[in-house]
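Chains, contacts and geometry: an overview
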Amino acid sequence: MAARATFIIYALFLASLQLLLTRHLSSAAGGSWNVLLPNVGISAMHMQLLRNDRVVMFDRTNFGPSNISLPNGNCRDNPNDAISRTDCTAHSIEYDVAMNTVRPLTVQSNTWCSSGSVRPDGVLVQTGGDRDGELKARTFSPCNNDQCDWVEIDNGLWKRRWYSSNHLLPDGKQQIVIGGQGQFNYEFYPKTTNPNVVALPFLAETNDRGQENNLYPYVFLNTDGNLFIFANNRAILLDYVKNTVVKTFPAIPGGDPRSYPSTGSAVLLPLKNLEADQIEAEVLVCGGAPKGSYNLAFRRKTFVKALDTCARIKINDADPQWTVETMPHARVMGDMTLLPNGDVLIINGGASGSAAWELGREPVLAPDVYHPENPVNTRFETMNPSTIPRMYHSAAVLLRDGRVLVGGSNPHAFYVFTGALFPTELRLEAFSPAYLEPQFATLRPRIQSPKSQSRIKYGMNLKVKFSVVREVTGPVKVTMVFPSFTTHSFSMNQRLLVLDNVKFTRKGRSTTYEVQVRTPKSAIIAQPGYYMIFVVNQNIPSEGVWVRLQ
Ligand SMILES: *[C@@H]1O[C@H](CO)[C@@H](O)[C@H](O)[C@H]1NC(C)=O
């Protein structure tokens, strides 16, 4: 009896020692991981956060049964499926962040490798896919009663769109749908008839025959109203109204491809000084795979080391040039997520091989944070690793509470749960950046107003009231983030604005403060719609509040 008790005490002692050691080690690097749900039923290939803190996810519909049933015992006829002509499983789900639950959604046609945006009214509009889904558009209106589901629109598109990129346009009425496999052109959704489809030779010029390397182009709305479009290793500025290329950017030094299947990722860095006549806009492209990687992996099972460089460019300069920096990790298929404090999280992916089925190797489990405002050579910081590889068909999106939701990974033509190098991944995880650590609790602002779902206008003074436990000693930042449609390592519509401060006041000697900021002056600076607004104090962001900019 006594020996047993001693043993138990000894075992407990060892366990707590181990806990202490891991705690210590993890705080040295920063950030932490949690598995939120062990099985969400599908592999989260595409993700979109909605204004009610629910995340719509979907993969594809023609590759056999998933691990979650369709609602109400429904089944769908699935004549194009190689495995199950009648499919009673769901290939789309809605994840409720607050409840940490999922519910199945119904998609009829194939959404594989598609694209989308949220409309200014908060409705998700998705376009394209494969086979019976290639010309479809689909909408999903957020609801809080679990009753909403996908609505599919036949012939929503003029051309088949598979691996295209979308961007919501400043008028808020349309999104542009650019490229896709075999499509060297773009169109608008909802459809226009004049023009209907516009040729974009740039996409043919950046198409490495047999390897492509120009799919899922990186598209950003520039502060002059034109679209920055990057494919392969270079970019143009497109006036989509006049359908003319107004600027051609040089290739990134080295010439290696950065877009699918040599998948890197890219962001428009935080936009600031928004009252200036000409607002600076900088693009950061990170990772990718050297020329030929896809063919070497596909034909010879040779997995080339991924690119370990980022390239940064000021796109409004008269003579823009890329500046190249080295990352702590080589990375192909990484995701780049803008954090509320303006840092860039580089997460997921592998260190060798290529995107596409079975072609990625050496998962990179540790995310890297890029601090855009630091001097060169002090910008990268490696975070604590996950234990779950996130390879091809994985995704990451920012949540309103500052965590980053990570899901998916399925490098196979079907769902493969056992006996594979990287089994189909149904686990949903959250990465909590270092700013969420308890030691920063007394610095963390708490927003009191505006209230959730408030409407704000362009070019106005906005009063943001917040409280902080510890006295605020320096200037705070107010940022706004547009929720992105994320798939294949690219977050479409991702945009972060640092609003100009006008006035800062403290309410007496209380812990309540008010900062007045200027909202963006036009829809060219910030497309209309729902944004998460954050207060950032000494780099520690508050939870966000949803506001509608219009
Ligand atoms: C599939 O779902 C079942 C039932 O919920 C579960 O037991 C199983 O672990 C799931 N499979 C995977 C790979 O998560």
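In this text, all values refer to a predicted model and were calculated from it rather than measured experimentally. (Residues numbered from 1 in each chain as written. Predicted model: local features only at pLDDT ≥ 70, side-chain atom pairs only at ≥ 80, totals over all residues. Heavy atoms only, no water.)

**Focus: the sheet that holds strand β8 (residues 115–118)**
- Taken together, four strands build an open sheet; the order of strands is β8-β9-β10-β11 and the sheet is antiparallel. The outermost strands of the open sheet, each flanked by one partner alone, are β8 and β11 (151–153). With strand direction ignored, the average angle separating the axes of adjacent strands in the sheet is 20°.
- With three bridges joining them, strand β10 (residues 137–140) and β11 adopt antiparallel strand pairing. In the strand pairing of β11, Thr 139 is matched with Val 151. (Pairing = 2+ DSSP bridges. Helix = DSSP H or I, 4+ residues; strand = E, 2+ residues; numbered from the N terminus. Axes fitted to C-alpha atoms, helices over the stretch in contact; angles between N-to-C directions.)

**Regarding the packing of aromatic side chains**
- Counted under the stated rule, the structure contains 26 aromatic pairs.
- Of the aromatic side chains, those joined through ring pairs into one cluster are Trp 112, Trp 162, Tyr 163, Tyr 216, Tyr 260, Trp 357 and Tyr 392.
- The aromatic ring of Trp 112 is capped on one face by Arg 60, whose charged end is 3.7 Å from the ring centroid.
- Positioned above the aromatic ring of Phe 303 is the side chain of Arg 361, whose terminal nitrogen or guanidinium carbon lies 3.9 Å from the ring centre. (Phe/Tyr/Trp six-rings, centres within 6.5 Å; stacked < 30°, edge-to-face > 60°. Lys NZ or Arg CZ within 6 Å of the ring centre and 35° of its normal.)

**So, the state of the cysteines**
- Under the defined criterion, the tally for this structure stands at three disulfides.
- Residue Cys 75 pairs covalently with Cys 88 via a disulfide, S to S 2.0 Å. Disulfide Cys 75-Cys 88: torsion about the S-S bond near 100°, hence right-handed. Here the residue Cys 75 occupies a position in the loop between β3 (54–58) and β4 (76–77), and Cys 88 occupies one in the loop between β5 (86–87) and β6 (92–96), the gap between them amounting to 13 residues.
- Under the relative-accessibility criterion, Cys 88 is labelled partly exposed at 35%. (Disulfide = S-S within 2.5 Å. Buried < 20%, exposed > 50% of the residue type's maximum accessible area, 1.4 Å probe, protein only.)

**Concerning the UniProt feature "domain: Glyoxal oxidase N-terminal" (unreviewed entry) in the protein chain**
- Mapped onto this numbering, the UniProt entry gives "domain: Glyoxal oxidase N-terminal" (unreviewed entry) at residues 45–435.
- Between the end C-alpha atoms of residues 45–435 the distance is 27 Å, and the span holds 3% helix and 33% strand. (UniProt positions renumbered as here; feature names shortened; annotations may be inferred.)

**Thoughts on the site of the ligand**
- What surrounds the ligand is the set Asn 39, Asn 67, Phe 417 and Leu 426.
- The separation between an oxygen atom of the ligand and a polar side-chain atom of Asn 39 is 3.1 Å.
- For the ligand, an oxygen atom lies 2.4 Å from a polar atom in the side chain of Asn 67. (Near = heavy atom within 4 Å. Polar contact = N/O pair within 3.5 Å; in protein donor to acceptor, adjacent residues only side chain to side chain.)

**Regarding the nonpolar core**
- Judged by nonpolar contacts, the single largest core of 78 residues is most densely connected at Phe 228 and Leu 497.
- Look past the residues within four positions of Phe 228 in its chain and what remains in contact with it is Tyr 218, Val 219, Phe 220, Ala 235, Ile 236, Leu 237, Phe 249, Val 283, Ile 315 and Trp 322.
- Formed by 55 residues, the second largest nonpolar core is a distinct cluster that contains Ile 42, Met 327, Leu 339 and Leu 496. (Core = buried A, V, L, I, M, F, W, Y, C linked by side-chain atoms within 4.5 Å. Contact = heavy atoms within 4.5 Å.)

**A look at the domain arrangement of the protein chain**
- Per the domain assignment, the segments making up the protein chain are domain 1 (32–436) and domain 2 (444–549).
- The straight-line distance from the C-alpha centre of domain 1 to that of domain 2 is 25 Å.
- Between domain 1 and domain 2, the contact holds 75 residues from the first and 45 residues from the second.
- A combined buried area of about 4700 Å² lies between domain 1 and domain 2, and 59% of that area is made up of carbon and sulfur atoms.
- In terms of surface lost to domain 2, no three residues of domain 1 exceed Arg 51, Leu 274 and Arg 400, which account for 15% of the buried area on that side. (Domains from an automatic or database assignment. Buried area = accessible area lost by both parts, 1.4 Å probe.)

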